[in-house]
Protein chains: 2
Amino acid sequence: MFESAELGHKIKKSQYEKEIPALRVALLEAQDELRQGAEFPVIIIVGGLDGSGRGATVNLLNEWMDPRHIETHGMGEPSDEELDRPMMWRFWRSLPPKGKIGVFFGSWYTWPILNRVNGITEDADLDQSLARARRLEKMLVDEGALLIKLWLHLSKEQQKKRLKALEKNPATRWKVTARDWKRYKAYDSFRAVHETVIRQTSTAEAPWMVIEGEDDNYRNLTVANIVLRAIRGRLQHDAAQTVKAPPPPLMPSLDCLHLLKTLNMGQSLEKAEFRKKLEKYQTKLGLLMRHPKFKYMSVIAVFEGNDAAGKGGAIRRITRAIDARSYQVIPIAAPTEEERAQPYLWRFWRHLPRKGRMCIFDRSWYGRVLVERVEGYCSPADWMRAYSEINDFEGQMERHNLLVVKYWLAISEEEQLRRFEEREKTSFKRFKITEEDWRNREKWEDYVQAVCDMVDRTSTSEAPWTLVEADNKYFARIKVLKTMCARIEQKLKELEASGIDYLDKPQKKRALSL
Amino acid sequence: MFESAELGHKIKKSQYEKEIPALRVALLEAQDELRQGAEFPVIIIVGGLDGSGRGATVNLLNEWMDPRHIETHGMGEPSDEELDRPMMWRFWRSLPPKGKIGVFFGSWYTWPILNRVNGITEDADLDQSLARARRLEKMLVDEGALLIKLWLHLSKEQQKKRLKALEKNPATRWKVTARDWKRYKAYDSFRAVHETVIRQTSTAEAPWMVIEGEDDNYRNLTVANIVLRAIRGRLQHDAAQTVKAPPPPLMPSLDCLHLLKTLNMGQSLEKAEFRKKLEKYQTKLGLLMRHPKFKYMSVIAVFEGNDAAGKGGAIRRITRAIDARSYQVIPIAAPTEEERAQPYLWRFWRHLPRKGRMCIFDRSWYGRVLVERVEGYCSPADWMRAYSEINDFEGQMERHNLLVVKYWLAISEEEQLRRFEEREKTSFKRFKITEEDWRNREKWEDYVQAVCDMVDRTSTSEAPWTLVEADNKYFARIKVLKTMCARIEQKLKELEASGIDYLDKPQKKRALSL
């Protein structure tokens, strides 16, 4: 994998200085064209060995292009904020929007590599991390991103020479630490793990570019050329357009039986009974959230359901029970301009709560496979891949003890009509009902199909869907609260049994590569 | 994942009988259109629980379509032949060619699932197997295959009922064995592993279709509809054509330094020295192949090189040293018609040797990233993905103790010219030189680039490329033999150290899910 990057590549000063002016102009022009209206972001990952010139490469990109439209992210030790969330959170919050360039010094590869070299994880764990990286990158590319992966390499001899040279020069001495020399001693282990990384994550869409880091001129020119050619190639192609093959059709519905039909919609509660149970479960929920182990977990509650199914009311019955500082309700409407410039999951990632908290989504990422599918806001190929992308997303939450609780609030067509009419009659409820609600109603059957596919393809034992019979609001609210309590209780038991200690250093480090 | 497949779906006899005639006609028509000239094969995988009607489903497909153009493969216990090779070999040898339908009863999922349920492997191993399955399926889809994945499911209650019903009926009693009841007891474990499988391997291109297996009418109609709609959808799309996005450009070559240039082409051997060393290494190779542990491994030697670089001569120096029954030389020319109807790796998979043998490829799968790239026989997107597909292919060999030894025989442009002219002058060598050789020579620089990319992207510590300076034939032949001996010797040492026992049952079983 490193053959061509250990040859001793060199560019003479005269050639270097001759080529730079035109190259810089070309880079600026490409960046400008990108910024003016290209429908894709550029993500540049800079990885490689210590002393191989990663920092210089990042500086170079900022120097040779317009730094106002480059976002640079040094991914060093994660902050407390970041450690409280799935590891990918820190990358999601740093993704560049369409038309911009994001440069990552360190990436989702950094910790899987370090943990493997330091023996904190096994080969199989590394393979799992790399399989996830492949899936993540496939998603980014499918969402339109141009991903440029630069790997700076040095031979063992070169690394030693370079560290010594840096140490000798008073201006760069600070760059070399004891850690660098420690890592140099582990050169062979690093090289073996790096090879695995490059082998398993070089794909046709996002291949690694392995660059010899020894000679500054060669490295700079090569990096600049790779970036320029990749952006230019992509700008030219975007005009031409890709035609995606349509995905295979999903399950036919042959008998008239489907999931939502099996719900017993007649279930209800009397007001007195409701009040009693409400108090019981609200008290319980409050207690659970003050459990000593709750600070090791967090809760993501997802509310989806028919229009007028009572999502808001159910959510209020939860929030009234708990400390106002410990939760957040995120209502999801049409995406903002900023959100539309990002992969669709971005606007949900940004809201993931810290440990010890709850985040309630009033509608969610499932919009992709519900409204966007039914209304044709995205192509079939796009919503089809969303099922596995969502499973990956929730999988990351699970691995980091974020409990995902998902509700579909189902009401019958007749009950919805009754509620719509009532809303129109009541002045202070009228704002809740719009033309769009009536239009959605006409697509009732399409939504039924979309809901059934969604449940079948995203309900897992770790993050199951709870279907809530919501024709009777009292019944629905209690079922929501009761399920929430049961799920949290079970999770707390698991945490107690696992003996996980959130402050334990090896566990903390291991979590970095999940 | 199984929500909709535990509802108790049913189709009434009257509806069933009414729908069948038209459905069968439509299936036959689709099959006929496929056979008449469609440029893709159909691969149908039938997986699921015992007693869920997998066998009946396979029979149904054969009964309702023209069985002459369906190949059915029951993937039960592997044969000795199959155990001697990487597990995927048995699937590759059974892949349907373009225009045909292949039905697999059992698949690459069978053993990863069984081994996990039986505790032979861990969760991480299962994840690795599933990541490989995803990559395999991506490759099949990229190569044009239509992949239909059917999963037949039963609830625990249903499975019990079904096994009892089968047992009660004298005509079907034989279908239920003690193993079935043992597996029924492990229902919950199976269900959990099945969920993981479906979750991780349902992709937009090849989603699982989970079908309730209880009611024969429902199951039959659903399966037939899925197959019909998938084939029809694909036939329609093929006419429309997909436009692939071009991959990003590879590394620019900025200084004039490349791998092949660093070779010391002046190296040579005198004839007497050659004879001495030839005898030494030929003897050694013969001994190594009679080593008691050699029966646990096999050798795949790959010879690539410039035209007239001396591949044939080098190969003969190997084969003369070893038992004629223990090796095979496979010369690779343009693919046959049969081979063109398959994914490009198919024609190499078919030749993989059994344990204890050697297979020598005179040119190989690397043609994809050499001649096919340079001559434009496949698109850039196709040869770009070949690097990781080839790494996956060789990875499977490595995991099964097939040693991969790869040679690039390099000669200089001048030496090639000399040899071409000599060949034209010598009557009995004239057949070796064609117009094509002269044409290839004009593309020398393109080939250099292709070779460097190939080495950089497919040379791994387990399967490194050996660059052979071949201007002097004596030197080249000895380097080839010496490298071969060293690699085999090292592998034998590893086998001895690992204490692997090829006849050990748990190890044999574990290997089935690699």
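Remember, it's a predicted structure, so these values are computed and weren't measured experimentally.

Thoughts on a positive patch on the surface
Residue and element names in this part refer to chain A.
Logical step 1: A surface patch of positive charge is lined by R316, R320, K432 and K473.
Logical step 2: Looking at where K473 falls in the secondary structure, it is placed in helix 20 (residues 473-498).
Logical step 3: Given the relative accessible area of 35%, K473 is considered partly exposed.

Comments concerning the environment of K185 of chain B
Residues and elements named next belong to chain B.
Logical step 1: By the element assignment, K185 lies in helix 8 (residues 178-185).
Logical step 2: Here K185 falls in the exposed class, since its relative accessible area comes to 74%.
Logical step 3: In this structure, the C-alpha to C-alpha distance between K185 and M484, residues 299 residues apart in sequence, is 51 Å.

With respect to the sheet that holds strand 5 (residues 208-212) of chain B
Residue and element names in this part refer to chain B.
Logical step 1: Judged by pairing direction, the sheet is parallel, and its five strands sit side by side in the order 2-3-1-4-5 without closing on themselves. Across the chains shown, the open sheet's two edge strands, defined by having one partner strand only, are strand 2 (70-74) and strand 5. Shown here is a sheet whose adjacent strand axes are inclined to one another by a mean of 20°, direction ignored.
Logical step 2: Note that strand 2 and strand 3 (residues 101-105) share five bridges and pair parallel. Residue pairing for strand 3: G74 is matched across the bridge by F105.

Some remarks on the interface of chain B and chain A
Logical step 1: Residue-level contacts link 72 residues of chain B with 72 residues of chain A.
Logical step 2: When the buried area of chain B at its contact with chain A is split by residue, R199, M251 and L254 of chain B rank highest and sum to 12% of it.
Logical step 3: Taken together, chain B and chain A are joined by six salt bridges.
Logical step 4: Two residues, E205 of chain A and K138 of chain B, come together in a salt bridge whose shortest N-O distance is 3.7 Å.

Description of a negative patch on the surface
Residue and element names in this part refer to chain A.
Logical step 1: Residues E413, E414, E445 and D446 make up a contiguous surface patch of negative charge.
Logical step 2: Of all the secondary-structure elements, those providing two or more residues to the negative patch are helix 17 (413-425) and helix 19 (444-458).
Logical step 3: Mapped onto the elements of the fold, E413 is located in helix 17.
Logical step 4: Taking the relative accessible area as the measure of exposure, E413 reaches 31% and is therefore partly exposed.

Examining helix 12 (residues 311-319) of chain A
Residue and element names in this part refer to chain A.
Logical step 1: For helix 12, the tally of buried residues reaches seven of nine residues, placing the bulk of the element in the interior.
Logical step 2: Among the residues making up helix 12, those that are buried are K311, G313, A314, I315, R317, I318 and T319.
Logical step 3: Buried-residue contacts for helix 12 involve helix 11 (271-288), strand 6 (298-305), strand 7 (327-331), strand 8 (358-362), strand 9 (402-410) and helix 20.

Some words on the confidence of the model for chain A
Logical step 1: Considering every residue of chain A, the mean pLDDT works out to 89; 97% of them sit at 70 or more.
Logical step 2: Two numbers describe this predicted complex: its pTM, 0.83, and its ipTM, 0.78.

Some thoughts on the relation of the copies chain B and chain A
Logical step 1: The transformation that overlays chain B on chain A combines an axial shift of 0.0 Å with a rotation of 180°, and the residual RMSD is 0.0 Å. In symmetry terms, the pair is related by a two-fold rotation axis.
Logical step 2: Here 100% of the contact residues of chain B are again contact residues in chain A; the copies associate through an equivalent surface.

Looking at the packing of helix 6 (residues 123-142) of chain B against helix 16 (residues 380-399) of chain B
Residue and element names in this part refer to chain B.
Logical step 1: Packing of helix 6 against helix 16 brings their axes to within 11 Å, and their N-to-C directions diverge by 135°. Overall, the two elements helix 6 and helix 16 adopt an arrangement that is oblique. Pair helix 6 / helix 16 crosses with left-handed handedness. On the side of helix 6, the interface is formed by R132, R135, M139 and D142, while helix 16 contributes R385, E389, D392 and R399.
Logical step 2: Residue composition of the contact of helix 6 with helix 16, grouped by class: one nonpolar, no polar and seven charged.

Quick notes on the pattern of salt bridges
Logical step 1: The full count for this structure, using the stated rule, is 88 salt bridges over all chains.
Logical step 2: Note that E339 of chain A and R350 of chain A form a salt bridge whose closest N and O atoms lie 3.1 Å from each other. With E339 of chain A in helix 13 (residues 337-340) and R350 of chain A in the loop between helix 14 (346-349) and strand 8, the pair connects residues that are eleven residues apart, well separated along the chain.
Logical step 3: Between K406 of chain B and E394 of chain B there is a salt bridge whose closest N-O contact spans 2.8 Å. Here K406 of chain B, found in strand 9 (residues 402-410), pairs with E394 of chain B, found in helix 16; they are twelve residues apart in sequence, far enough to count as distant.
Logical step 4: K406 of chain B gets classed as buried once you look at its relative accessible area, which sits at 0%.
Logical step 5: Judged by relative accessible area, E394 of chain B falls into the buried class, the value being 1%.

Criteria and thresholds
Residues numbered from 1 in each chain as written. Chains lettered and ligands numbered in written order. Predicted model: local features only at pLDDT ≥ 70, side-chain atom pairs only at ≥ 80, totals over all residues. Heavy atoms only, no water. Patch = residues over 30% accessible without salt bridge, like charges linked within 9 Å, V, L, I, M, F, W, Y side chains within 5 Å. Areas by Shrake-Rupley, 256 points an atom, 1.4 Å probe, with all protein chains shown as cover. Salt bridge = Lys/Arg side-chain N within 4 Å of Asp/Glu carboxyl O. Lys, Arg positive; Asp, Glu negative; His and termini not counted. Charge placed at Lys NZ, Arg CZ, Asp CG, Glu CD. Helix = DSSP H or I, 4+ residues; strand = E, 2+ residues; numbered from the N terminus. Buried < 20%, exposed > 50% of the residue type's maximum accessible area, 1.4 Å probe, protein only. Pairing = 2+ DSSP bridges. Axes fitted to C-alpha atoms, helices over the stretch in contact; angles between N-to-C directions. Contact = heavy atoms within 4.5 Å. Buried area = accessible area lost by both parts, 1.4 Å probe. pLDDT = per-residue confidence, 0-100. Least-squares fit on C-alpha atoms with pLDDT ≥ 70 in both. Parallel < 35°, antiparallel > 145°, perpendicular 65-115°, else oblique. Left-handed = near helix turned anticlockwise from the far one by under 90°. Nonpolar A, V, L, I, M, F, W, Y, C, P; charged D, E, K, R; others polar.

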